[in-house]
Amino acid sequence: MKNTSTFILALIFTFFMQHSHAKELIVVFGDYDSKPYTFFTNQTLSGGIIKDIMDEIGVELNIKIKYVNIPSKRVSNFLLDGKVHIRLITNPKWFKNHKQFHWSTALFQDKDKIVIRVEDSVFIKTIRDLKEKRLGTIRGYKYQILKDNNIIRDDVRTLESNFKRLDRAIIDALIHSDILIDYYIKRNQAHTQYIILEETASSHSIHAMYSKNNLPISYKEIDAAFIKLKENGTIQKILDRYK
């Protein structure tokens, strides 16, 4: 009887030990993370920059990475409550309550660039040439150049919509992230159709934000892992895959 009790206790102890080590880091994503940041298969994250980087973080920290699709309006509250742990492509300047989260080191730089049709390159060479012209923008985004230049803002929800409107000359130019622009042009083999102005409209650093509640490991460990992937060139190699 004693041996049986000891065996049962050992099984219970083993069960709890196994589950106590089954930690997972929950990463949030959504349709607000455009290609090539995310690729979906049946609403499941199947690839892209976010998955590539976080999979490397999982290897570095020896922890399972779980990806959950959360609407943008719920992300902050889910992070504050510790229901999810990390959002990757973001910046503390975009949040009024940024002090309520942990922030990684700057992982890379993202630049807002201007795209025009090749046939318009005679008339549009710099941002100043966009004066009184219609610029394709993304609803909800803020653009510094609109404050300093007399440019007409014209909103849509996606970069793809702006490229289609540019093709039809509904807008004179579009503005968006260089990473997303490069991928769109590459995917559509449209290098001869468009010109990206050399001038940068704005530049900002990209960080990971993570919850201050319910993290399965120390935020300092996560910090160290991001720093290592940046310094050893892993993050840049991932970005280069999509250019």
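Treat the numbers as computed from the prediction; the structure is a model and nothing was measured.

As for the side chain of T90
Phase 1: As for its placement among the helices and strands, T90 is situated in strand β5 (residues 86–90).
Phase 2: Relative accessible area serves as the criterion here: at 0%, T90 is assigned to the buried category.
Phase 3: Each residue touching T90, except ones within four places of it in the same chain, is listed here: F95, W103, S205, I206, H207 and M209.

Remarks on the environment of F29
Phase 1: Inspection of the secondary structure assignment puts F29 in strand β1 (residues 24–29).
Phase 2: Taking relative accessible area as the criterion, F29 reaches 1% and is therefore assigned buried.
Phase 3: For F29, the residues in contact, after removing those within four places along its chain, are T38, F40, Q43, L45, Y67, V68, N69 and I70.

Some thoughts on the packing of aromatic side chains
Phase 1: Tallied over the entire structure, the rule returns nine aromatic pairs.
Phase 2: Pairing F39 with Y183 gives two aromatic rings, centres 5.8 Å apart and planes at 70 degrees, and the pair type is edge-to-face. Residue F39 is located in strand β2 (residues 39–41), and its partner Y183 is located in helix α6 (residues 178–187); the two are separated by 144 residues in the primary sequence.
Phase 3: Judged by its relative accessible area of 15%, Y183 is buried.

What about the pairing of strand β7 (residues 108–117)?
Phase 1: Most of β7 sits out of view: eight of its ten residues are buried.
Phase 2: Pairing between β7 and strand β11 (residues 194–210): nine bridges, direction antiparallel. Bridge pairing in β11 links K111 to S203.
Phase 3: Taken together, the four bridges between β7 and strand β10 (residues 173–177) define a ladder with antiparallel strand orientation. Its bridge partner being in β10, I114 is matched across the sheet by I175.

A word on the side chain of S211
Phase 1: For S211, the position within the fold is in the loop between β11 and α7 (219–231).
Phase 2: A relative accessible area of 0% means that S211 is categorised as buried.
Phase 3: Within the structure, the side chain of S211 is placed 2.5 Å from the backbone oxygen of L79, a separation counted as a polar contact.
Phase 4: Here the side chain of S211 touches N213 through a polar contact of 2.9 Å, landing on its backbone nitrogen.
Phase 5: With residues up to four places along the chain from it excluded, the contact list for S211 reads L79, L80, G82, V84, H85 and H102.

Here we look at the pattern of salt bridges
Phase 1: Following the criterion strictly, the structure yields eleven salt bridges and no others.
Phase 2: The shortest N-O distance in the salt bridge between D52 and R241 comes to 3.2 Å. Within this pair, whereas D52 is found in helix α2 (residues 49–61), its partner R241 is found in the segment after α8 (234–240), the two being separated by 189 residues in sequence.
Phase 3: Judged by its relative accessible area of 16%, D52 is buried.
Phase 4: The exposure class assigned to R241 is partly exposed, which follows from its relative accessible area of 48%.

What counts and how
Residues numbered from 1 in each chain as written. Predicted model: local features only at pLDDT ≥ 70, side-chain atom pairs only at ≥ 80, totals over all residues. Heavy atoms only, no water. Helix = DSSP H or I, 4+ residues; strand = E, 2+ residues; numbered from the N terminus. Buried < 20%, exposed > 50% of the residue type's maximum accessible area, 1.4 Å probe, protein only. Contact = heavy atoms within 4.5 Å. Phe/Tyr/Trp six-rings, centres within 6.5 Å; stacked < 30°, edge-to-face > 60°. Pairing = 2+ DSSP bridges. Polar contact = N/O pair within 3.5 Å; in protein donor to acceptor, adjacent residues only side chain to side chain. Salt bridge = Lys/Arg side-chain N within 4 Å of Asp/Glu carboxyl O.

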